[in-house]
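Observations on the three-dimensional arrangement
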Amino acid sequence: MNTEPLPKQYDRAVAEKKWRDIWKKEKTFQFKNNDNTPLYIVDTPPPYVSADHLHAGHIMSYAQAEFIVRYKRMCGFNVFYPMGFDDNGLPTERFVEKKYKIDKSKITRSDFIKICLKETEIGAQTYKNLWDSLGISVDWTKTYSTIGPLATKISQWSLLDLYKKGALYRSEAPVLWCPSCKTAIAQADLEDVEDDSKINHIVCSSGSEQLTIATSRPELLPACVALYVNPNDKRYKHFIGKKAVVPLFDYEVPILSSEKVDIEFGTGLMMVCTWGDKEDLEKWQTDKLATRALIREDGRLNELGGKYQGLKIEEARAKIISDLQKNGFLIKQEDISHTLNVHERCGVPVEFILSKQWFIKIADFKDKWLEYGKKLNWYPKTRQQDYDLWVNSIKWDWCISRQRYYGVPFPVWYCKNCSEPIFASEEMLPVNPMEDKPPVSSCLKCGHKEIVPENDVMDTWATSSVTPLIIRELIADEKTKIKLFPATLRPNAFEIIRTWDFYTIVKSHYHFNNLPFRDVMISGHGLDEHGRKISKRLGNYIPSEKLLEEYGADAIRYWATGATLGQNLRFNIQEIKKGKKTTIKLWNVARLILMSLEDFKLTKVSEDLEFADCWIVQELNQSLKNVSMAFDNYSYAKAKDEIDQLFWSKFTDYYLEFIKYRLAASDNKSKKAARYTLTKIFLAILKMYAPIMPFITEELYNLIYKNSDGEKSIHLSDWPTEITIKKDKDISDFSQAITAIDEIRKYKSEKGMSLGFELEEYKLNTPIDKDKYGDFIKNATKVKILM
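Predicted model only: the values in this text are computed from it and were never measured.

Side note on the overall build of the protein chain
- Counting its regular elements, the protein chain contains 22 helices and 27 strands.
- Buried positions account for 54% of the 787 residues belonging to the protein chain.
- Look at the contacts in the protein chain between residues 6 or more apart in sequence, and 76% of them connect residues 24 or more apart.
- Element-wise, carbon and sulfur atoms account for 48% of the exposed surface of the protein chain, whose accessible area totals about 34900 Å².
- Across the protein chain, the centroid of the 114 positively charged side chains sits 2 Å from that of the 110 negatively charged ones.

This is the structure:
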């Protein structure tokens, strides 16, 4: 055991750099292949690399999962902790378009992709630098990129397998479409926003009679294909089977009946267009209504809009309302507030357009998806409700094709004559149909020789949903590879339960009829001090590099424990300062220990422990039990609170003060017992803090305990176990001795005395067994005579 005195100040910056370098050189966190120890496999969320400014929100979510990783490593698990970077798809494209002010219509596909690749390399390095600075113990020899050859190959294999099993199909159908991003999107890509609008009461005619419809979307009048009434509505029953004339556009549509029409809503008449919402889709499909596809891919009206052709949706709405009013068709308008579906990536309202896309079947299997959700271990359990709500809300199959440039290509070509899809063989993967030749020279269905490539790319979630398969392919050994699926832990924020978690479960079901992971650890968002989500748009954060420079990794990681599992966490500089204060306190305790040890060797002396020693051992054992249970349940916040309580309130506030006189005394037996207890308890405290504050604990472990504990790193050492002591001392009433000490401390404080001031005498009010604890209390409080 090292007994050299420590410097007075802890040089955090030097220590952190030193340990980062050593961990890298020693491959401390590298996965051990063919190890017989139990596996703990982490399917880490690959962050979007389309970010040039990282903040406390990024730190929070990844640090929280990493607390558990370090704990499991110390518990003896062979931790497989790879890292991916999500560098394909729409987020990256939009980032590049915005940063470089690019109009994609004026740049070639290949040139655009080159810029995207350049930016993703920069973004990945930005993240890696931050994770290294924070001490995130990723195995950096096991990384992947979602646009890289490995991820592309597995994503394409996934589609081949889905197609063979009948779960993947191509269809021309109304799809959710973002007019801004000019691509199809999935239901999970929607975000609800409250929107102030107007209900427009519009007159139309049926023969000699007039009908009034109420709609918030008059721009869809040229897409109207039917009016519906409730068959039980006496006002309109006689109109069923007749025709109505669409105002301004002067064409007839049938008047049909459906019991789903709400008699009380609006005027009781429902206008069905192709397509404004889910109800329009249902009526169109069920009753095989006519198709009047009005909206173009750019969000403007097509030729069906007549004189409004070429107008944007908002422009068409204003112009049509104005013309309805001029022609006497608009009776009145009412203000409303309603929920609007927007694309989560850009905030633009989505539309339905008729388009040929690829889909994965999900809508008809809700019971199956709910069953999988019940089999998972959710942390916290309440977050399973988010999953269930999403599954129950599914309306359509998952559209996975995107009309963008930067993404994983579909491994498919088409016959130009009959449109038959021609898939690549598995041996060809990864493949890019826009550059590579098809597997056949002519169509096997019609014999036509002209074959054209698919130009669409996959939804980014179609790639991210196979990360459990990607990470196992990072290992060459086949026996180990098999053991790496399913993963143990899937950590992610709550907003991607409906995407990453759900889609991964879907893929795993179709491919293996199995869950892709066992535990799901859900985190919240990082918030600013006013409770707003931390974001680049708001600029409401301190850049991560500045936080690290001023406070250090351990202090920021300490702050990240502040939110209970699954909850949002407000940025709190005081909590970061408390973390910094904890590192300083640990350093000062270590200095005291080293100054007090001299030539002491850590040997078993538990039979000579005194009352105070037995009490702190008992407190440690209980805290250790609680901390271990908290970490096992992914409750890092509870673990930190429990460690803090032991370290600050019991170990430093009491025990260190209790034994100072023994460390300086000539009684060798008592001194030895105090030294033994002090060093054993502090080692356990360091190990419990290690998953949260890896740098200070590593520094002190190597300075004090490396030789005696036998490991080169505290993070590879064993998680502490309970200290067994003889039960010959009854300390059930030791709390009374502490109460008595508190009484004397309070008296000194009120009299303006230091705690080290020696009292000649003191009359104790607290009832205490003086024969048992009298000498101890006098020595611990510096009182000569205790009355």
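Brief notes about the nonpolar core
- Within the largest apolar cluster, 127 residues are counted, with the highest numbers of intra-cluster contacts made by L586, F631, F651, F658, F682, F734 and I777.
- Here this core gets 14 residues from one element, more than from any other, and that element is helix 18 (residues 636-663).
- Not counting the four nearest positions on each side in its chain, L586 is found in contact with F647, F682, I685, L686, Y689, M693, I696 and L700.
- Residues A167, A186, A462 and Y510 belong to the second largest nonpolar core, which totals 63 residues.

Observations concerning the packing of helix 16 (residues 573-597) against helix 20 (residues 694-709)
- One can describe the packing of helix 16 onto helix 20 by two numbers: an axis separation of 10 Å at closest approach and a directional angle of 5°. Here helix 16 lies roughly parallel to helix 20, going by the angle between them. Taken together, the residues of helix 20 that come into contact with helix 16 (itself represented by T583, L586, W587, A590, I593 and L594) are I696, E699, L700, L703, I704 and Y705.
- Along the lines of polarity and charge, the residues of the contact of helix 16 with helix 20 split into 10 nonpolar, one polar and one charged.

Here we look at empty space enclosed by the protein
- Counted according to the given criterion, the structure contains six cavities of 30 Å³ or more.
- Roughly 130 Å³ of volume is contained in the largest cavity.
- Lining the largest cavity are 15 residues; nearest its centre among them are L90, P91, R402, D459 and T460.
- Listed by contribution, the elements that provide at least two residues to the lining of the largest cavity are helix 3 (90-100), strand 21 (457-458) and helix 10 (460-464).
- When the residues that make up the lining of the largest cavity are grouped by side-chain class, the tally is seven nonpolar, three polar and five charged.

Thoughts on helix 4 (residues 109-134)
- For helix 4, which comprises 26 residues, the first-to-last C-alpha distance of 37 Å matches the rise-based estimate of 38 Å (1.5 Å per residue) to within 8%.
- Every buried residue belonging to helix 4 is among F112, C116, E119, T120, G123, A124, Y127, L130, W131 and L134, and all of these are buried.
- Looking at the buried positions of helix 4, the neighbouring elements they touch are helix 2 (56-74), strand 3 (83-85), helix 3, helix 14 (544-551), helix 15 (553-560) and helix 20.
- Once helix 4 finishes, G135 follows within two positions and takes phi at roughly 80°, a positive value.

A closer look at the side chain of D501
- Inspection of the secondary structure puts D501 in helix 13 (residues 497-512).
- Beyond its immediate sequence surroundings of up to four residues, D501 is in contact with R490, N492, I496, F517, V520 and I522.

Brief notes about the sheet that holds strand 5 (residues 168-178)
- Read from one edge of the open sheet, four strands run 6-5-14-16, paired in antiparallel fashion. Each of the sheet's edge strands pairs with one partner strand only, and the pair in question is strand 6 (183-184) and strand 16 (398-399).
- Direction of pairing for strand 5 relative to strand 14 (residues 351-360): antiparallel, over a ladder of 10 bridges. Across the sheet, A173 pairs through a bridge with S355, a residue of strand 14.

Side note on the sheet that holds strand 18 (residues 412-415)
- In space, the three strands of this open sheet follow the order 19-18-20, with antiparallel pairing throughout. Each edge of the sheet is formed by a strand with only one pairing partner; in this case those strands are strand 19 (421-423) and strand 20 (451-453). Mean inter-strand twist for the sheet, computed between neighbouring axes without regard to direction, equals 35°.

Let's talk about the side chain of D233
- Residue position: D233 is located in the loop between strand 9 (224-229) and strand 10 (243-245).
- Of note is the side chain of D233, whose polar atom sits 2.8 Å from the side chain of R235.
- The residues contacting D233, other than those within four sequence positions of it, are I263 and G268.

Notes on the environment of A630
- With respect to the helices and strands, A630 occurs in helix 17 (residues 611-632).
- Classification of A630 as buried rests on a relative accessible area of 8%.
- A630 sits 10 residues away from K640 along the chain, and the two C-alpha atoms are 9.1 Å apart.
- Residue contacts for A630: discarding those within four places in its chain leaves S635, K638 and A639.

Considering the packing of aromatic side chains
- As enumerated under the stated definition, the model contains 49 aromatic pairs in all.
- Between the aromatic rings of F31 and F80, the centroid separation amounts to 5.0 Å while the plane-to-plane angle is 65°, which identifies the pairing as edge-to-face. Of this pair, F31 sits in the loop between helix 1 (12-26) and strand 1 (39-41) while F80 sits in strand 2 (residues 78-80); the two residues are 49 residues apart in sequence, bridging distant segments of the chain.
- You can call F31 buried: its relative accessible area is 7%.
- Residue F80 is classed as buried on the basis of its relative accessible area of 0%.
- For the ring pair W378 and Y387, a centre distance of 5.5 Å and an interplane angle of 45° mean the geometry is tilted. As far as burial versus exposure is concerned, W378 and Y387 are alike and both buried.
- Here the aromatic cluster, defined as three or more aromatic residues joined through ring pairs, consists of F365, W369, W378, Y387, W390, W398, F502, Y503 and Y510.
- Above the ring of Y228, the side-chain terminus of K283 is found at 5.6 Å from the ring centroid.
- The ring centre of Y558 lies 4.7 Å from the NZ or CZ of K640, which sits over that ring.

Quick notes on the environment of V783
- By secondary structure assignment, the location of V783 is in strand 27 (residues 783-786).
- Remark: the alpha-carbon pair of V783 and I744, spanning 39 residues in sequence, is separated by 8.9 Å.
- The contact partners of V783, leaving out residues within four places of it in the chain, are I744, L759, E761, Y762 and K778.

Some remarks on the packing of helix 15 against helix 16
- In the contact formed by helix 15 and helix 16, the axes pass within 7 Å of each other and the chain directions differ by 125°. On the basis of their axis angle, the class for helix 15 and helix 16 is oblique. Note on packing geometry: the crossing formed by helix 15 with helix 16 is right-handed. In this structure, helix 15 contributes D554, A555, I556, Y558 and W559 to the contact, and helix 16 contributes E575, I576, K578, G579, K580, T582 and T583.
- Classifying every residue of the contact of helix 15 with helix 16 by side-chain character gives five nonpolar, three polar and four charged.

Quick look at the pattern of salt bridges
- Applying the stated criterion to the full structure yields 50 salt bridges.
- Its salt-bridge partner being R235, residue D233 comes within 2.8 Å of it at the nearest N-O pair.
- Through salt bridges with shared partners, a single network forms among R217, E219, R317 and E351.

Observations concerning the pairing of strand 18
- In strand 18, alternate side chains face the same way, and those of V412 and Y414 on one face and W413 and C415 on the other are all buried.
- Here strand 18 pairs with strand 19 via three bridges, running antiparallel. Within strand 19, the residue paired with V412 across the bridge is F423.
- Hairpin geometry of strand 18 and strand 19 is characterised by an intervening segment of five residues between the two adjacent antiparallel strands and by a positive phi of about 65° at S419.
- As defined by bridge partners, strand 18 adjoins strand 20 across three bridges and the pair is classed as antiparallel. By the bridge assignment for strand 20, Y414 is matched with V452.

How each quantity is defined
- Residues numbered from 1 in each chain as written.
- Predicted model: local features only at pLDDT ≥ 70, side-chain atom pairs only at ≥ 80, totals over all residues.
- Heavy atoms only, no water.
- Helix = DSSP H or I, 4+ residues; strand = E, 2+ residues; numbered from the N terminus.
- Buried < 20%, exposed > 50% of the residue type's maximum accessible area, 1.4 Å probe, protein only.
- Contact = heavy atoms within 4.5 Å.
- Areas by Shrake-Rupley, 256 points an atom, 1.4 Å probe, with all protein chains shown as cover.
- Lys, Arg positive; Asp, Glu negative; His and termini not counted.
- Charge placed at Lys NZ, Arg CZ, Asp CG, Glu CD.
- Core = buried A, V, L, I, M, F, W, Y, C linked by side-chain atoms within 4.5 Å.
- Axes fitted to C-alpha atoms, helices over the stretch in contact; angles between N-to-C directions.
- Parallel < 35°, antiparallel > 145°, perpendicular 65-115°, else oblique.
- Nonpolar A, V, L, I, M, F, W, Y, C, P; charged D, E, K, R; others polar.
- 1 Å grid on protein atoms, 1.4 Å probe; cavity = no way out; pocket = protein on both sides within 12 Å on 5 of 7 lines; lining within 4 Å.
- Points joined across faces, edges and corners; volume = space filled by probe spheres on them.
- Expected span 1.5 Å × (residues − 1).
- Pairing = 2+ DSSP bridges.
- Polar contact = N/O pair within 3.5 Å; in protein donor to acceptor, adjacent residues only side chain to side chain.
- Phe/Tyr/Trp six-rings, centres within 6.5 Å; stacked < 30°, edge-to-face > 60°.
- Lys NZ or Arg CZ within 6 Å of the ring centre and 35° of its normal.
- Left-handed = near helix turned anticlockwise from the far one by under 90°.
- Salt bridge = Lys/Arg side-chain N within 4 Å of Asp/Glu carboxyl O.

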